[in-house]
Amino acid sequence: MSSPVFGRLLTAMVTPMDERGALDLDAAARLARHLVEQGNDGIVVNGTTGESATTSDAEKAQLVETVVDAVGDRAKVVAGVGTNDTAHTLELTAQATERGAHGLLVVTPYYTKPPQAGLLRHFRTVAEAAQVPVMLYDIPGRSGVPIATETLIALAEHERIVAVKDAKGDLWATTHVLRATDLEWYSGDDGATLPHMAQGAVGVVGVTTHVAPGAFARLVAAATEDDFATARRLHMDLVPAVDAVMGITQGAIAAKAALVEQGVLTTATVRSPLPQMEDAQLDRLRTGLKEAGLL
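Since the model is a prediction, treat every value here as computed from it, not as a measurement.

Residues given the UniProt feature "binding site: pyruvate" (unreviewed entry) here are Thr49 and Val205. Maximum C-alpha separation among the annotated residues is 11.0 Å over a sequence range of 157 residues, consistent with a single clustered spot. Lining residues of the second largest pocket drawn from the annotated list: Thr49 and Val205. As for its position among the elements, Thr49 is in the loop between β2 (42–45) and α2 (57–71). When neighbours within four sequence positions are excluded, Thr49 is seen to be in contact with Ala12, Met13, Val14, Thr15, Val207, His210 and Ala252. Assignment of secondary structure puts Val205 in strand β8 (residues 203–206). Taking the relative accessible area as the measure of exposure, Val205 reaches 2% and is therefore buried. Residues in contact with Val205, not counting those within four places in the same chain, are Leu10, Ala12, Val44, Met135, Lys165, Tyr186, Ser187, Gly188 and Asp190.

The next subject is the layout of surface pockets. Taken as a whole, the largest pocket encloses approximately 570 Å³ of empty space. Lining the largest pocket are 28 residues, and of these Gly47, Thr48, Ser52, Ala53 and Tyr110 sit closest to its centre. Put simply, the parts of the chain that give the lining of the largest pocket at least two residues each are α2, α3 (86–98), β4 (103–107) and α5 (140–143). If one sorts the elements of the lining of the largest pocket by residue count, β4 sits on top with 3 residues. In the lining of the largest pocket, the residues fall into 11 nonpolar, 12 polar and 5 charged. Those elements giving two or more residues to the lining of the second largest pocket turn out to be β6 (161–166), α11 (239–246) and α12 (251–261). Among the residues making up the lining of the second largest pocket, the classes are represented as 13 nonpolar, 10 polar and 7 charged.

Thresholds, definitions, all that
- Residues numbered from 1 in each chain as written.
- Predicted model: local features only at pLDDT ≥ 70, side-chain atom pairs only at ≥ 80, totals over all residues.
- Heavy atoms only, no water.
- UniProt positions renumbered as here; feature names shortened; annotations may be inferred.
- 1 Å grid on protein atoms, 1.4 Å probe; cavity = no way out; pocket = protein on both sides within 12 Å on 5 of 7 lines; lining within 4 Å.
- Helix = DSSP H or I, 4+ residues; strand = E, 2+ residues; numbered from the N terminus.
- Contact = heavy atoms within 4.5 Å.
- Buried < 20%, exposed > 50% of the residue type's maximum accessible area, 1.4 Å probe, protein only.
- Points joined across faces, edges and corners; volume = space filled by probe spheres on them.
- Nonpolar A, V, L, I, M, F, W, Y, C, P; charged D, E, K, R; others polar.

So, in structure tokens, the structure goes:
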């Protein structure tokens, strides 16, 4: 079986910051190396979990370069470049490619809620300008509009649009796209990794994968080999971890706090408007991680 373009286990990496909220590139390099050593064969930088809304374009460039240098050829580095402005997205596309990104993650333009014709033009324009493979990111809960099945099928015709990170929560729509295209599919929802894999996804772009990479790697491997008895067991074992990281507060907040609990990061600083995790939330996070055997 051929390997997917971007790998099978990808983490949407948090952006480490010091106590003042400044970018901590040394910590970013250490975290990237840690994730690869723990089984990730791909890393997404400058995604939502990387607090891309509050990092500058210059900081985004530094992060891509830092992570590429840190992991070398051991993992694919996918740079989030999507915005709600096609021109700005093209600028970030060029910047990420120049800094060595192996691929691009392009989210649905958010807030402006363009119609499907606008989405089709936006994604095709970015793909035409890109020099590396593109993964689309379908997350209507944040962007305000889904990428319609017909739009995804049309976009699959472009040679550089090769994959989708699916956080739409519509498995039947996914079935139709998988049936009609050769797009490589990634679960963009940690808890939905198993059902996505069961109908043909190649892997996951996760957040809980920061703290439970081994279990997710084994789940994806088992499902890839059609060993769904093992995959189901691992899926059930991961419930406390996924609930802890994704069910208490916003993912970047919880993932950073969890990494501090595991001793991987020294600070859990996030930038406003995100708040630090509250003490009661932190207690719940620790409980979930302990139940999952991760502390």
